[in-house]
Amino acid sequence: MIALGLKLWRAVVGGREWLTLVVVAAIGAFLYVQLAETRADRDRLAAQADLICATAGEPFAASVVLVADKPIARERGLRCRQRVTDLVAFRTDTERASAEVLAAAMREREGKAAVDARAARDAAQALTSATERMEIADAEAERRNRLDRDWWTAFNDLAGLRSPDR
Amino acid sequence: MPGPTREVPVVVKVKDTPPAELLRCPEAPEGFPLAEIGQLSTATRAAAIRIGKAMGVNAGRLRRLVNWLQPDTCAAPRAAPAPAATPKAPG
């Protein structure tokens, strides 16, 4: 048993260069696999970024834009980021403006309803009193079998006609 | 290629205003002369009262409608004369 151990030790000590090579190769293979995975991951992310930015309407890749006829380089992702920021702001502004318009419309309607409720009440009261006066005058006309000044006054009032006296 | 432009939300308040023809206040023509003394049968008087009442009610409703669509367009009708102002009391 001890002899076997000694033999192995000698083999290890004798083949040190070879063993170092094996270890280095193993590390290299590990790193290579890692790199390949990282690259695949990066490509997937880049494709996703391209897709998302294309959906938003601006390219993800670096580009040159003309601002006041001067070419300006835009780094990768900048235009897309700006675009998304604008879209978010647009959405916020739109929602706020819509809420303001709706609130104003509701306030206006409430005001109108209040004014109309008053007008309706007044009209109902006026109609009731005009009808009463008409009934009284009509009963009198029935009794005397003639239409006098009261009857015509009550009638003009009930029908909303201008009084000829004025 | 032009630079990115910022979109501004456009809020349009749609005013659904009817034609001016429909927003005219109800007409109030001058009524019958008060001095006329006449005779009408009961049925005819009842018909006249029905028609007159409907006319007044419709005018009031139209006034409210116009005021709803365009506030303060039609003034309320003149205050009805108090019954006590009539010279003759029934009976």
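Everything here concerns the structure above.
Residues numbered from 1 in each chain as written. Chains lettered and ligands numbered in written order. Predicted model: local features only at pLDDT ≥ 70, side-chain atom pairs only at ≥ 80, totals over all residues. Heavy atoms only, no water.

A. A look at the interface of chain B and chain A. Contacts between chain B and chain A engage 45 residues on the former and 52 residues on the latter. When the two sides are added together, the surface that chain B and chain A hide from each other amounts to roughly 4800 Å², 60% of it contributed by carbon and sulfur. Two residues, Asp 116 of chain A and Arg 64 of chain B, come together in a salt bridge whose shortest N-O distance is 2.9 Å. Across the contact surface, chain B and chain A share 11 residue pairs in polar contact (both at pLDDT 80 or more). (Contact = heavy atoms within 4.5 Å. Buried area = accessible area lost by both parts, 1.4 Å probe. Salt bridge = Lys/Arg side-chain N within 4 Å of Asp/Glu carboxyl O. Polar contact = N/O pair within 3.5 Å; in protein donor to acceptor, adjacent residues only side chain to side chain.)

B. The arrangement of the state of the cysteines in detail. All names here are of chain A. Counted according to the given criterion, the structure contains 2 disulfides over all chains. What pairs with Cys 53 in a disulfide is Cys 80, and their sulfur atoms sit 2.0 Å apart. The disulfide joining Cys 53 to Cys 80 has a torsion of about -90° about its S-S bond and is therefore left-handed. Of this pair, Cys 53 sits in helix H2 (residues 16-56) while Cys 80 sits in helix H3 (residues 78-144); the two residues are 27 residues apart in sequence, bridging distant segments of the chain. (Disulfide = S-S within 2.5 Å. Helix = DSSP H or I, 4+ residues; strand = E, 2+ residues; numbered from the N terminus.)

C. The pairing of strand E2 (residues 70-74) of chain A, seen in detail. All names here are of chain A. Burial analysis of E2 places just 0 of its 5 residues in the buried class, which makes it a mostly uncovered element. Where strand E1 (residues 63-67) lies against E2, 5 bridges are found, and the strand directions are antiparallel. From the neighbouring strand, Leu 66 faces E2, where its bridge partner is Pro 71. Hairpin remark: E1 followed by E2, antiparallel, with 2 residues in the connecting loop; positive phi at Ala 68, about 55°. (Buried < 20%, exposed > 50% of the residue type's maximum accessible area, 1.4 Å probe, protein only. Pairing = 2+ DSSP bridges.)

D. Local environment of the side chain of Asp 138 of chain A. Structurally, the position occupied by Asp 138 of chain A is in helix H3. Assessed through its relative accessible area of 17%, Asp 138 of chain A is described here as buried. Each residue touching Asp 138 of chain A, except ones within four places of it in the same chain, is listed here: Trp 151 of chain A together with Arg 45 and Ile 49 of chain B.

E. Fine view of the nonpolar core. In this structure, Met 134, Leu 147, Trp 151, Trp 152, Phe 155 and Leu 158 of chain A together with Ile 49 of chain B are the most contacted members of the largest nonpolar core, which totals 15 residues. Residue assignment for this core shows that the elements contributing at least two residues are H3 and helix H4 (149-158) of chain A together with helix H1 (42-69) of chain B. Per-element accounting of this core gives the leading share, 5 residues, to H4 of chain A. Those residues in contact with Phe 155 of chain A, other than ones at most four positions away along the chain, are Met 134 and Leu 161 of chain A together with Phe 32, Ala 48, Ile 49 and Gly 52 of chain B. (Core = buried A, V, L, I, M, F, W, Y, C linked by side-chain atoms within 4.5 Å.)

F. Representation of the layout of surface pockets in the model. In this model, the largest pocket occupies a volume close to 1100 Å³. Lining the largest pocket are 42 residues, with Ala 123 of chain A together with Gly 60, Arg 63, Ala 76 and Pro 77 of chain B sitting closest to its centre. Of all the elements in the fold, those that place two or more residues in the lining of the largest pocket are H3 and H4 of chain A together with H1 of chain B. (1 Å grid on protein atoms, 1.4 Å probe; cavity = no way out; pocket = protein on both sides within 12 Å on 5 of 7 lines; lining within 4 Å. Points joined across faces, edges and corners; volume = space filled by probe spheres on them.)

G. Looking closely at the packing of aromatic side chains. Counted according to the given criterion, the structure contains 5 aromatic pairs over all chains. Geometrically, the ring pair formed by Trp 152 of chain A and Phe 32 of chain B is tilted, given 4.7 Å between the ring centres and 40° between the ring planes. Of the two residues, Trp 152 of chain A sits in helix H4 while Phe 32 of chain B sits in the segment before H1, which places them in two different chains. Taking relative accessible area as the criterion, Phe 32 of chain B reaches 38% and is therefore assigned partly exposed. Put simply, the rings of Trp 151, Trp 152 and Phe 155 of chain A together with Phe 32 of chain B touch in pairs and so form one group of aromatic residues. (Phe/Tyr/Trp six-rings, centres within 6.5 Å; stacked < 30°, edge-to-face > 60°.)

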